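Listed below are the residues making up each chain.
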Amino acid sequence: MGILEVKGVNKRFGGLQALGDVNLSVAENSVHAIIGPNGAGKSTLLNCLVGKLIPDTGSVMFDGQSVLGRTPHEINQMGISRVFQTPEIFGDLTVFENVMIPCFARRDGAFRLHAFETVMNEQSLVEQAEEILTDMNMIDKRHMHSASLSRGDKRRLEMAMCLVQEPRLLLLDEPTAGMARADTNNTIDLLREIKEKRDITMAIIEHDMHVVFSLADRITVLAQGTPLVEDIPEKIKGHPKVQEAYLGQAQ
Amino acid sequence: MLGLDKRDLTLLAIVAVLCLCAPILLNPFPTGSELAQFNAGYPDLMQRFIIFGIFAIGFNILFGLTGYLSFGHAAFLGVGSYATVWMFKLLGYNIVPGILLSLLVSGLFALAIGYISLRRSGIYFSILTLAFAQMSFALAYSVLSPITNGETGLQVYGTDPQYLMGPDSPNIPHLFGLEMRATHFIEVGPWLWQFNAGYYFCAVVMLVAFYIAIRIFRSPFGMMLRAVKSNQQRMRYTGLNPRPYTLAAFVISGMYAGLAGGLMASMDPLAGAERMQWTASGEVVLMTILGGAGTLIGPVLGAGMIKYLENILSKINDSILHQWFSFLPDGLEDAAVFMIHPFIGKGWHLTLGIIFMLVVIFLPGGLVEGGQRIGRLFRRRGKASDDAVHPPKAAPHVGE
Ligand SMILES: Nc1ncnc2c1ncn2[C@@H]1O[C@H](COP(=O)(O)OP(=O)(O)OP(=O)(O)O)[C@@H](O)[C@H]1O
Ligand SMILES: [Mg+2]
């Protein structure tokens, strides 16, 4: 049994079968990559995991509990954090505040009326936030408005926001898209380090095969909403079906 | 001190000193001089500055932080007024029970209206709040007349029980014997200053309300409210439920409005339904935006500016204008009066409208932004090398 078990998930948008009978099992403390051409349904699958979409049929179990029927914030509180394909951050807030919010969410739950405390007096949370920003090489940008960050920095900020929650399952939707090569390599190193340091499971969607093959323990190939193959990276590389699905796509 | 950093403490201290000295500062022109009509240091006007300041501070906690634009906040103000007058009728003229009840009742009322209205956001939320407020307004005039006394307005009659009224307690609103209308006059040369008990009571309440607002702005709760405004989607996927946060902000701002209503009735023991009308709700929106939504001091400035224009500009009439321009040749004098006429007296709305438009177009951050720009201009002249010390593109401190 994996920490995440997706069974028989279907999702239609009008006439379009975005997901067709998807089964997926992600083992605890592994990195599971999901690859596939544009429009394969990768993001739709993640949406079904975090409560943004409800699958038409099928079940999604996280750590033995169903996530279906739960609201996004409840699912997050179960231990699933997600980095979106287009960065979702608090644009009006500073980088530091962006990271403080998940710190509070993790400590205080979905709601707490802490109207008479002062953000800066929360020593341990401030330290956590500063630590993750240092890890992300963003500590010198802590006072910047996050809306004025570069696209790559926004992505790294969003990753910091997810990581500081120490989720049990981290979902990453193209975490290196829009990043410079050097930043991509930094991100790979960072994710590797996190994987070694913490008990964390990751499901990662990525078009950059360099990233996929540097990180993944297992890979699922998705095409037109259905998983084609699932295997270890070495086997996936030369798989004829994969070549076919990617015809002319990535390397 | 007080859980505030140096900067906020300075701001609070400045506001406190300004409140303390307002009777002097707002009367800069000697009594009887031509400019005396621009003086604003009268008890009832100063009380209004403060009371609407409280109203706007509370409104800003909802609108400035979460971005939810309520068009029905006057309903809470009206409810607060009714609650206070009822306490006068039932218990007596001590204002403390009335003000406490106004907080309680407006809080409960805001909880009910907020719970329903916050199911929607954006324009639909605004319309829902407007609908509720207009409904309250209409009900106060009709079905609820037994409670609100309809068009006459709620007031205290000699036949009212006033159970807690002692034999020698004052027969007008008072704070444990201190009459709200008690005024101490001081004459210094040509100036006449009026130190009014009611004004100072309101000012103390406003300082407490302002202090609480600062604490909210700097708290994790305040940060969450700004997160609501910025990106609710991200908030949900970060494990936070935006609904209770917005509802709490709605209730808090409703209680500020109720407090303002309670104070209004405490200064003048009367409550009418017109206080709930949509124009009154719109006014607090104008105040907040004019001063600077999301800033700490902005709403107070906006409230002061609008109340000043309303009371001073509207009093200027053509004969006063003729006096001012009497030094001009007759034809020119008439022309000048003719040109200015639409902007004064009943035309003060036009002046307000123009000022509002100019502010929104050129100073989207309101009067506070104007102040900041002027401040920056001076600082840049002062020391040109200052910029090197600051990191590039530092985000402005919230609520300067
Ligand atoms: N909310 C929606 N409503 C209608 N159609 C949708 C919706 N979301 C996704 N789709 C469609 O479902 C299909 C799968 O989309 P999805 O975003 O999951 O692809 P993807 O694999 O993430 O692609 P990419 O690599 O471009 O991100 C696409 O054809 C898309 O247009
Ligand atoms: Mg996608």
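Here the structure is shown first, and the text comes after it.
The text that follows walks through the structure, step by step, so that each part is easy to find. Throughout, a residue's number is its position along its own chain's written sequence, starting from 1. Chain labels run from A onward and ligand labels from 1 onward, assigned in the order the entries are written. Local features in this predicted model are restricted to residues of pLDDT 70 or higher, and side-chain atom pairs are both shown and tallied only at a pLDDT of 80 or more, whereas totals for entire chains, interfaces and linings draw on every residue. Values reported for side chains reflect all heavy atoms of the structure, with hydrogen atoms and water molecules removed beforehand.

### What about the state of the cysteines?
Stage number 1. Here, two cysteine sulfur atoms that lie within 2.5 Å of each other are counted as a disulfide. On inspection of all chains with the given rule, the structure shows zero disulfides over all chains.
Stage number 2. The structure places no disulfide on Cys162 of chain A, whose sulfur is separated from the nearest cysteine sulfur, that of Cys103 of chain A, by 12 Å.
Stage number 3. Look at Cys162 of chain A and you get buried, because its relative accessible area is 2%.
Stage number 4. With no disulfide of its own, Cys202 of chain B lies closest to Cys19 of chain B among cysteine sulfurs, the gap being 10 Å.
Stage number 5. Relative accessibility under 20% of the residue-type maximum defines a buried residue, over 50% an exposed one, and the middle range a partly exposed one, all with a 1.4 Å probe and only protein chains included. For Cys202 of chain B, a relative accessible area of 0% gives the class buried.

### Things to note about the coordination of the magnesium ion (ligand 2)
Residue and element names in this part refer to chain A.
Stage number 1. With water excluded from the atoms, a metal site may look incomplete; its donors are any N, O or S atoms within 2.8 Å, or within 3.2 Å for Na, K and Ca. Donor atoms from the polypeptide that coordinate the magnesium ion (ligand 2) comprise Ser43 (OG) and Gln85 (OE1), at 1.9 to 2.1 Å from the metal. Here Ser43, found in helix H1 (residues 42-50), pairs with Gln85, found in the loop between strand E6 (80-83) and helix H3 (95-108); they are 42 residues apart in sequence, far enough to count as distant.
Stage number 2. Ser43 gets classed as partly exposed once you look at its relative accessible area, which sits at 21%. Numbering goes from the N terminus for both helices and strands, where a helix is a DSSP run of H or I of at least four residues and a strand is a run of E of at least two.

### Thoughts on the site of ligand 1
Residues and elements named next belong to chain A.
Stage number 1. We call a residue near a molecule or strand whenever a single non-hydrogen atom of that residue lies within 4 Å of it. The full set close to ligand 1 counts 13 residues, and Asn38, Lys42, Ser43, Thr44 and Gln85 are the nearest of them.
Stage number 2. By the criterion applied in these results, polar contacts are pairs of N or O atoms within 3.5 Å in which, for protein atoms, one can donate a hydrogen and the other can accept it, and in which residues neighboring in sequence qualify only through two side-chain atoms. The backbone of Gly39 places a nitrogen or oxygen atom 2.9 Å from an oxygen atom of ligand 1.
Stage number 3. Ala40 is positioned such that a nitrogen or oxygen atom in its backbone is 3.2 Å from an oxygen atom of ligand 1.
Stage number 4. Within the complex, 62% of the 630 Å² of free accessible area of ligand 1 lies under protein.
Stage number 5. Secondary-structure elements contributing two or more residues to the shell around ligand 1 are strand E2 (16-26) and H1.
Stage number 6. Ranked by residues supplied to the shell around ligand 1, first place goes to H1 with three residues. Note on areas: Shrake-Rupley, 1.4 Å probe, and residue coverage restricted to the protein chains presented here.

### Re helix H10 (residues 242-267) of chain B
What sets the pattern is the α-helix's 3.6 residues per turn: residues three or four places apart point alike.
Stage number 1. A helix's residues, less one, multiplied by 1.5 Å, set its expected span. The terminal C-alpha atoms of H10 of chain B, which comprises 26 residues, lie 38 Å apart, in line with the 38 Å expected from a rise of 1.5 Å per residue.
Stage number 2. Taken across its 26 residues, H10 of chain B has 23 buried, putting it largely inside the fold.

### Considering the interface of chain A and chain B
Stage number 1. We call two residues in contact whenever any of their non-hydrogen atoms come within 4.5 Å of each other. On the chain B side, the residues contacting the 42 residues of chain A number 33 residues.
Stage number 2. A combined buried area of about 3,200 Å² lies between chain A and chain B, and 64% of that area is made up of carbon and sulfur atoms.
Stage number 3. Joining two parts hides part of their accessible area as seen by a 1.4 Å probe, and the buried area is that hidden amount summed over both. Three residues stand out in chain A for area buried against chain B, namely Phe90, Phe111 and Phe116 of chain A, and they jointly supply 18% of the buried area on that side.
Stage number 4. Here, a salt bridge means any Lys or Arg side-chain nitrogen found within 4 Å of an Asp or Glu carboxyl oxygen. Connecting chain A to chain B are two salt bridges.
Stage number 5. Residue Arg226 of chain B pairs with Glu97 of chain A through a salt bridge whose shortest N-O separation is 2.7 Å.
Stage number 6. Run the count over chain A and chain B and you get 19 residue pairs in polar contact (both at pLDDT 80 or more).
Stage number 7. Put simply, the parts of the chain that give the side of chain A that touches chain B at least two residues each are helix H2 (72-78), E6, H3 and helix H5 (151-163) of chain A.

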